[in-house]
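Each chain, letter by letter, is given below.
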Amino acid sequence: MLRSLRGLVCHPQKLDHRYALHTAAKDCLSSLVKQDVQTPAEGPRAVFYTSENDPANHAEHHEGRHYTIPLEEVKAVFPHGLPHRFQQQIKTFNEACLMVRKPALELFAYLKKSNFAHPAVRYVIYGEKGTGKTMTLCHVVHYCSRQGWLVLHIPDAHLWVKNCRELLQSSYNKDRLDQPLQASFWLKNFKTSNERFLKEIKTQRKYVWGKRDSTEEGRPLGEVVEQGLARVRNASDAVGVVLKEIKQQCHLGFFRLLVAVDGVNALWGRTTLKKEDKSPVSPEELTLVYNLRKMMRNDWLPLDLFQQLHVLLTLRIPELDTVFQRRSHKRGTEGHCWRGIVWTIGTSMGNSGTASGGAVVTTLSQTGSLFKPRSAYLPQELLGKEGFDVLDPFIPILVSNYSAAEFESCYQYYRHCRWLQHPRAHTEEGKEELRFLSGSNPRQLERLAGPL
Amino acid sequence: RLTPVRWSRYGPSYLEPDVSKELYQKPLEELSEEEKEKLKLRAVHPIKAAPPSVSTSVFSDPMISKFTNMMMKNGNKVLARSLMSQTLEAIKRKQLEKYHKAPEGEKETIECNPYVIFHQALKNCQPIIGLSSITRGGKTYQVPVPLNDSRKRFLAMKWLITECRENKHRRTLMPEKLSQELLQAFNNEGPIIKKKHVLHKMAEANRAYAHFRWW
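Calculation criteria
Residues numbered from 1 in each chain as written. Chains lettered and ligands numbered in written order. Predicted model: local features only at pLDDT ≥ 70, side-chain atom pairs only at ≥ 80, totals over all residues. Heavy atoms only, no water. UniProt positions renumbered as here; feature names shortened; annotations may be inferred. Helix = DSSP H or I, 4+ residues; strand = E, 2+ residues; numbered from the N terminus. Core = buried A, V, L, I, M, F, W, Y, C linked by side-chain atoms within 4.5 Å. Buried < 20%, exposed > 50% of the residue type's maximum accessible area, 1.4 Å probe, protein only. Contact = heavy atoms within 4.5 Å. Buried area = accessible area lost by both parts, 1.4 Å probe. Salt bridge = Lys/Arg side-chain N within 4 Å of Asp/Glu carboxyl O. Polar contact = N/O pair within 3.5 Å; in protein donor to acceptor, adjacent residues only side chain to side chain. Domains from an automatic or database assignment. Pairing = 2+ DSSP bridges. Axes fitted to C-alpha atoms, helices over the stretch in contact; angles between N-to-C directions. 1 Å grid on protein atoms, 1.4 Å probe; cavity = no way out; pocket = protein on both sides within 12 Å on 5 of 7 lines; lining within 4 Å. Points joined across faces, edges and corners; volume = space filled by probe spheres on them. Nonpolar A, V, L, I, M, F, W, Y, C, P; charged D, E, K, R; others polar. Phe/Tyr/Trp six-rings, centres within 6.5 Å; stacked < 30°, edge-to-face > 60°.

Within an unreviewed UniProt entry, the label attached to chain B reads Small ribosomal subunit protein uS7m, and the organism entered is Cuculus canorus. Database annotation for chain B, UniProt heading Subcellular location (unreviewed entry): "Mitochondrion". As stated in UniProt under Sequence similarities (unreviewed entry), the record for chain B gives "Belongs to the universal ribosomal protein uS7 family."

On to the UniProt feature "domain: Small ribosomal subunit protein uS7" (unreviewed entry) in chain B, then. Using the residue numbers shown here, the UniProt feature "domain: Small ribosomal subunit protein uS7" (unreviewed entry) corresponds to residues 52-207 of chain B. With 60% helix and 10% strand, residues 52-207 of chain B has its two end C-alpha atoms placed 45 Å apart.

Attention shifts here to the nonpolar core. The tendency in soluble globular proteins is for nonpolar side chains to be buried side by side. Membership of the largest hydrophobic core comes to 57 residues, with the highest contact counts inside it found for L152(A), I246(A), L257(A), V259(A), V264(A) and M296(A). Here this core takes seven residues from helix α10 (residues 235-249) of chain A, the largest share from any one element. Membership of the second largest hydrophobic core comes to 55 residues, among which are L452(A), F59(B), L160(B) and I193(B).

Many structure descriptions define interface size as the accessible area lost when the parts assemble. Across the boundary between the two partners, chain B contributes 17 residues, which contact 23 residues of chain A. In this assembly, chain B packs against chain A so that about 2,000 Å² is buried in total across both faces, 55% of it on carbon and sulfur atoms. Of all residues in chain B, V58(B), F59(B) and R93(B) bury the most surface against chain A, accounting for 35% of the area lost on that side. Our enumeration of links across chain B and chain A arrives at two salt bridges. Note that R424(A) and E22(B) form a salt bridge whose closest N and O atoms lie 3.7 Å from each other. On inspection of chain B and its partner chain A, the count reaches 13 residue pairs in polar contact (both at pLDDT 80 or more). Per element, the largest residue contribution to the side of chain B that touches chain A is nine residues, and it comes from helix α4 (residues 77-101) of chain B.

The next point concerns the domain arrangement of chain B. Assigned domains within chain B: domain 1 (11-59) and domain 2 (61-212). Centre-to-centre, using C-alpha coordinates, domain 1 of chain B lies 33 Å away from domain 2 of chain B.

Take the sheet that holds strand β3 (residues 121-126) of chain A next. Residues and elements named next belong to chain A. The strand order across the open sheet built from five strands is β4-β9-β10-β3-β11, with neighbouring strands paired in parallel fashion. Bordering the open sheet on either side are β4 (150-154) and β11 (395-398), each of which pairs with just one other strand. When the angles between neighbouring strand axes are averaged without regard to direction, this sheet yields 15 degrees. Where strand β9 (residues 257-262) and strand β10 (residues 358-363) come together, six bridges link them in parallel fashion. Looking at β10, one finds that V261 is bridged to T362.

We now examine empty space enclosed by the protein. All names here are of chain A. Across all of its chains, the model carries two cavities of 30 Å³ or more by this definition. What lines the second largest cavity is simply H158, V161, N265, A266, G269, R270, S369, L370 and K372. Here the residues of the lining of the second largest cavity sort into three nonpolar, four polar and two charged.

In this section: the side chain of Q182(A). Position of Q182(A) relative to the elements: it lies in helix α7 (residues 180-193). Filtering out sequence-adjacent residues up to four positions away, Q182(A) remains in contact with L159(A), W160(A), K162(A), N163(A), C164(A) and L288(A).

For a regular strand, side-chain orientation follows a simple rule: the groups alternate between the two sheet faces. Residues and elements named next belong to chain A. Taking every second residue as pointing to the same face, both faces of strand β2 (residues 96-99) are buried, with A96 and L98 on one and C97 and M99 on the other. Of the pairings in the sheet, the one linking strand β1 (residues 66-69) to β2 comprises four bridges and is antiparallel in character. Within β2, the position partnered with I69 by the bridge is A96.

It is worth spelling out the packing of aromatic side chains at this point. Residues and elements named next belong to chain A. Applying the stated criterion across every chain, the model contains 18 aromatic pairs over all chains. For the pair F48 and Y413, a centre-to-centre distance of 6.3 Å together with 50 degrees between the ring planes defines the contact as tilted. Note that F48 is positioned in the loop between α2 (17-38) and β1 and Y413 in helix α16 (residues 404-416), a separation of 365 residues in sequence. Each member of the pair, F48 as well as Y413, carries the same accessibility label: buried. Pairing W160 with W186 gives two aromatic rings, centres 6.5 Å apart and planes at 85 degrees, and the pair type is edge-to-face. Pair noted here: W160 is in the loop between β4 and β5 (168-169) and W186 is in helix α7, with a separation of 26 residues, a long-range link.

Now the structure itself:
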């Protein structure tokens with residue numbers, strides 16, 4: 001705005017002073033208006049489309065508009081997160097367009113303002129069937145991966161408690177059962193999405209996998225993942241190790257952690273799996289579920305200060321080496337040196353604490369859930385007493401059906417992509433019929449618009 | 001064909017229900033003479049009850065409903081309708097993928113509307129002339145015979161459905177196979193078009209017996 005004013009002042013009008021001011025104001029206004037219209041999108045597409053592709057910059061005026069995610073980023077960030085129908089849409093239209101909606105903007109505001117020195121806040125996205133909970137979660141995952149967080153994305157926790165062909169008895173704990181297929185599948189996708197973190201994070205303990213395999217202390221986490229993929233029998237244990245290491249190291253200040261779980265009510269419900277003697281399996285007896293439940297708890301507290309010191313000394317961070325040298329040089333006596341080191345570590349923790357802590361964002365889902373009625377969508381109904389007590393206190397985020405503006409935007413987007421081919425669908429009556437039949441529910445609208 | 005007056009419970013004065021809203025939404029001044037006459041007639045005569053398959057939806061198509069009814073087994077209309085909608089969606093997806101990958105010049109030639117493709121494919125599959133078995137002097141002859149529109153439509157739909165039910169791999173689903181067949185028929189290729197040509201050739205070959213027909 002200031003730029004345009006300066007430009008106008010540099011070229012004074014040769015008219016009467018009042019006229020000059022008037023025309024200057026008019027020019028200023030018209031240029032502003034042009035900027036406003038051009039920055040979101042081209043004129044007619046501005047209803048449903050925005051060219052702002054970074055979720056961090058999405059604001060109130062982007063609400064209801066679709067933004068594109070480049071296809072390479074989709075493959076890198078979402079190897080396994082997107083719903084099946086959305087993947088088909090990406091394949092058909094050759095582009096991935098996501099609508100910016102209020103719940104997602106609310107979550108971004110919370111994440112931007114949260115104090116990461118405090119324990120991680122838990123968010124539960126709930127709502128009726130087909131209102132867009134999974135898509136909101138994917139939007140948040142995209143935002144966090146753009147910000148450089150480590151994203152632990154479990155696409156559907158229900159897949160871990162049903163339809164499991166192979167159940168092995170866990171070697172680590174006799175009572176628990178392993179799921180090699182699901183664990184190795186998840187490890188493969190985790191590897192694709194978080195390559196660089198796997199090289200940076202180092203293990204803090206020695207892990208013995210069998211008679212001949214073991215991972216030493218201080219090796220990159222990528223080796224644990226490789227071990228899990230190579231030896232499928234140890235895949236569930238590898239997953240447990242990965243989760244434990246990430247949870248412990250998240251407060252050291254090298255990365256922020258986002259735990260994104262879709263269908264979190266699966267962790268505290270019942271399973272349809274049976275042991276060899278036909279007795280039912282409860283979720284605690286599955287290694288994957290047991291380890292994931294530990295992640296859901298709020299106890300990512302930083303280690304005791306001296307434990308931190310021990311860890312940092314073993315890791316040998318280069319900046320701290322120079323600090324040691326300088327401190328010992330200045331102070332001389334050991335006592336001072338020790339206090340100095342602890343103080344510098346404290347401040348460096350504070351400084352590098354710009355990238356520590358994290359958040360837990362979860363979604364409830366009735367669609368894949370077991371033994372829950374179709375009409376249940378509230379957290380108390382789906383999580384049950386046990387799950388609610390574990391997750392409590394959490395921030396609930398309601399996702400509802402499309403508002404009038406969002407419906408309009410979705411309809412225009414389908415028309416633009418040539419998804420609505422029926423000639424009658426382009427009329428007002430067709431649109432009203434679609435609105436009535438779908439009840440502004442996103443899933444119903446998509447299913448109805450399919451054959452049209 | 002004559003209307004089955006003996007079996008229907010409606011008297012002769014009953015009229016068929018008219019489901020389109022356009023005629024009734026026009027104000028009185030815009031109606032032409034014929035339309036005014038029609039409205040007066042309908043005001044006086046009793047109207048039959050509308051069957052559940054007829055809908056006021058702007059998206060309903062009688063040909064699609066007929067095809068869905070023929071695909072239905074054991075009265076499972078829900079399954080038949082979902083298969084039909086999945087077929088239309090599959091056709092649309094295939095055509096849209098082709099559309100997005102095609103260069104600028106060819107984009108207009110690719111037809112993406114599944115309804116247009118369905119209607120055109122059925123039209124291409126309809127035979128012009130049919131065969132009927134007539135027994136003369138103990139021997140049965142295949143005699144070439146003209147067909148009415150409804151018979152042609154029925155034969156096209158019947159061939160399409162039997163082809164998709166029988167000549168497919170055990171694991172392929174009906175919508176996928178149907179969409180494949182419809183796209184092939186739209187381009188005038190595929191097994192159903194071949195069947196139609198075989199029928200035409202047989203009719204041409206049995207031209208000599210055409211005088212056996214008495215209707």
